[in-house]
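The lines below spell out each chain.
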Amino acid sequence: MTESAAYPLAGGCDCGGARYALTHAPLVVHCCHCRWCQRETGTAFALNAMVESEYVVVTHGEPEIVMTPSASGKGQRIARCPACRIALWSHYAGGGDAVRFVRVGTLANPDALPPDVHIFTSTKLPWVVLPPDTPAVPEYYEAKLVWSKESLARREVLRAKRQQAAR
């Protein structure tokens, strides 16, 4: 797990109209090779830092939320700069508003958050070579096999909050 970066990490869009700070280490960083991510990003994969929404602080501007389709059929809400349209993060149906999937490439220093795991490698482009020291799975995985103990504990807090809110 990537926890050695100095926080906060600054991020934002190309035009400077939407800026944010990532104030805590992510739960996990996924490098997703699914066809949906390839199509949505127009490239070989998406690199997303999964983090509690409270740790992503908007510091300038106000991202616009755009609803897009997803493989689950439940859609995803993408936070984009209203001027240059760069995607900053997503909310997927499974995580609701509690979790943001921050586009690592929008960080001022994206090198700070390399992937913890490569997912959906069954559909990765054949010319993408995966590093041998990073876990890779054909589809998805069990969190307890990849996430740190701290991240697993944070996930339990998220689940408890979600259950309490559902009451």
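Going by the structure above, here's the rest.
No experiment lies behind these values; they were computed from the predicted model shown. (Residues numbered from 1 in each chain as written. Predicted model: local features only at pLDDT ≥ 70, side-chain atom pairs only at ≥ 80, totals over all residues. Heavy atoms only, no water.)

Caption draft 1: Layout of the pattern of salt bridges. Counting across every chain of the model gives eight salt bridges. Measuring nitrogen to oxygen at the nearest pair gives 2.8 Å for the salt bridge that ties Glu40 to Arg103. Of this pair, Glu40 sits in helix H1 (residues 35-41) while Arg103 sits in strand S9 (residues 99-103), and the two are 63 residues apart along the sequence. Glu40 gets classed as partly exposed once you look at its relative accessible area, which sits at 29%. We classify Arg103 as buried; its relative accessible area is 9%. Arg154 serves as the salt-bridge partner of Glu52, at 2.5 Å between the closest nitrogen and oxygen. Within this pair, whereas Glu52 is found in strand S4 (residues 46-52), its partner Arg154 is found in helix H2 (residues 149-166), the two being separated by 102 residues in sequence. Accessibility expressed as a relative area gives 10% for Arg154, which makes it buried. Several salt bridges share partner residues, and in doing so they unite Glu52, Glu150 and Arg154 into one network. (Salt bridge = Lys/Arg side-chain N within 4 Å of Asp/Glu carboxyl O. Helix = DSSP H or I, 4+ residues; strand = E, 2+ residues; numbered from the N terminus. Buried < 20%, exposed > 50% of the residue type's maximum accessible area, 1.4 Å probe, protein only.)

Caption draft 2: Examining the sheet that holds S9 more closely. One open sheet accounts for seven strands, arranged S6-S7-S8-S9-S4-S3-S10; its pairing is mixed. The strands lining the two open edges of the sheet, one partner per strand, are strand S6 (64-68) and strand S10 (117-119). Strand-to-strand twist in this sheet, taken as the mean axis angle between neighbours without regard to direction, amounts to 30°. Two strands pair when backbone bridges link them, and strand S7 (residues 76-80) and strand S8 (residues 87-92) are joined in this way by five bridges, in the antiparallel orientation. When the bridges of S8 are listed, Arg80 appears paired with Ala87. (Pairing = 2+ DSSP bridges. Axes fitted to C-alpha atoms, helices over the stretch in contact; angles between N-to-C directions.)

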